[in-house]
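The chain contents come next:
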Amino acid sequence: MDKIRWGILSTGRIAGRLADTLRGLEGAELWAVGSRSLEAAHVFGEQYGIPRRYGSYAELAADPELDVIYVASPHSHHYAHTLLCLEHGKHVLCEKAFAHNALEARRMALKARQKGLFLMEAMWTRFLPHMVKLRELLARGVIGEVRMIQVSMGFRAQVGPEHRLVNPELAGGALLDVGVYPLSFTSMVWGKPERLDSQVYLGPTGVDEQAVLLLGYRDGRMATLISSLHTPTTVAAYLYGTEGYVEIPSPWYRAKSLVLHRNGHAETLECPYEGHGDQFQALEAMNCIRAGKLESEVMPLSETIAVMEVMDAFRAQWGLRYPGELVEA
Ligand SMILES: NC(=O)C1=CN([C@@H]2O[C@H](COP(=O)(O)OP(=O)(O)OC[C@H]3O[C@@H](n4cnc5c(N)ncnc54)[C@H](OP(=O)(O)O)[C@@H]3O)[C@@H](O)[C@H]2O)C=CC1
Ligand SMILES: O=C1CO[C@H](CO)[C@@H](O)[C@@H]1O
């Protein structure tokens, strides 16, 4: 296959980051951008050297020469925008959190399967070298049996009530924005939890501004996760095993090393990479598309859906519903 042609849906902050990555990535061609505003598409197109610029997402999705679209709109719109792209025969890499809820995620996965198209949640951290190394270490049992996991991800968002981070119309809240990372991380190690408990602070707009999440697994394994848009926290991860522990230094989700603690000694394992780090997920998407795979084995849709189910359960504990979320008829 020739170069894979990418389209970028939206001109926001993270859209700019992947555009910057894609323009230098082997095998990729940054082909088009779509925005709600043609002017914004032109500005973005100029900035990143993108030849085709559209003033609507529908026109972007309909471009017959595009292969894959990166959906980088707010959480509230991932469902509709992903379906739009799939309906037009485009493969999709969709930002986290994948949707409002698991029902939407299941429908997105079903549509991709029906259309024979690739779809993946852009859980980019999973593809970074330190995560590949971590999976290797755990598979070799270097810290014995992992019994406890502790992960935090919190920062102070100084934004107004309309901002996507706290606006319920845009599916704001710490859980979907940052909590999804520790949940997906724990899922990568152990799969879906059996028991859930939590403490939450709902802010003035009604969304979760911070929470402590407790996950219970079979045989007494447990995880404690922190997610916050209210309080800056360390952004570190620890996996405690029966024979030692692994520390992923702050910020754990894009770290360039791991620290292995065993027998009173700490060994730093370097896991370097260049660039923003989102190139690995783009390479995974392109490799899958070239191989005719509909999903990634590293970030499968079943797991994205399972994590959404866990987030649904936490929101149910908190009585937090989003105005636009799909509900069973
Ligand atoms: N992987 C990562 O590290 C990160 C991932 N993210 C994820 O990326 C997504 C976007 O986040 P981010 O880039 O920070 O968000 P921004 O607010 O910076 O950008 C969102 C873009 O979505 C488009 N959009 C479509 N509909 C709406 C709407 N109703 N209101 C506002 N914007 C709309 C706009 O583009 P336009 O005007 O061109 O149509 C806007 O620029 C989220 O899912 C977020 O969780 C965010 C940050 C980091
Ligand atoms: O995915 C993300 C990574 O971290 C950011 C904070 O620094 C979040 O706001 C964002 O959505």
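Residues numbered from 1 in each chain as written. Chains lettered and ligands numbered in written order. Predicted model: local features only at pLDDT ≥ 70, side-chain atom pairs only at ≥ 80, totals over all residues. Heavy atoms only, no water.

1. Regarding helix α6 (residues 129-139)
Those residues of α6 lying buried are His130, Met131, Leu134 and Leu137. Seen end-on, α6 carries its buried residues on one side only, within an arc spanning 120°. Looking at the packing, one finds that the buried side of α6 touches α7 (174-190), β11 (237-241), β12 (244-248), β13 (257-262) and β14 (265-270). Looking one or two residues beyond α6, the residue adopting positive phi is Gly141, at roughly 65°. (Buried < 20%, exposed > 50% of the residue type's maximum accessible area, 1.4 Å probe, protein only. Helix = DSSP H or I, 4+ residues; strand = E, 2+ residues; numbered from the N terminus. Arc of directions from axis to C-beta. Contact = heavy atoms within 4.5 Å.)

2. What to know about the UniProt feature "domain: Gfo/Idh/MocA-like oxidoreductase N-terminal" (unreviewed entry) in the protein chain
Taken from the UniProt record, the annotation "domain: Gfo/Idh/MocA-like oxidoreductase N-terminal" (unreviewed entry) applies to residues 4-120. Structurally, residues 4-120 comprises 44% helix and 22% strand, and the distance from its first C-alpha atom to its last is 16 Å. (UniProt positions renumbered as here; feature names shortened; annotations may be inferred.)

3. Regarding the packing of aromatic side chains
For the structure on display, the rule yields 10 aromatic pairs. On the basis of an interplanar angle of 90° and a centroid distance of 6.0 Å, the ring pair of Tyr273 and Phe280 is categorised as edge-to-face. A residue is classified by how much of its surface remains accessible, and Tyr273, at 9% relative accessible area, is buried. With centroids separated by 6.1 Å and ring planes inclined at 25°, the aromatic side chains of Phe314 and Trp318 adopt a geometry described as stacked. A residue pair is termed a helical-turn pair when its members lie 3 or 4 positions apart in one helix, as Phe314 and Trp318 do in helix α9 (residues 301-318) at four residues. A single burial state applies to Phe314 and to Trp318, both of which are buried. Here a set of aromatic residues connected by ring pairs shows up, and it is made of Trp124, Tyr181, Phe185, Trp252 and Tyr253. Directly above the aromatic system of Trp31 lies the positively charged group of Arg5, at a separation of 3.7 Å from the ring centroid. The ring of Trp124 has Arg17 lying over it, and the distance from NZ or CZ to the ring centre is 4.5 Å. (Phe/Tyr/Trp six-rings, centres within 6.5 Å; stacked < 30°, edge-to-face > 60°. Lys NZ or Arg CZ within 6 Å of the ring centre and 35° of its normal.)

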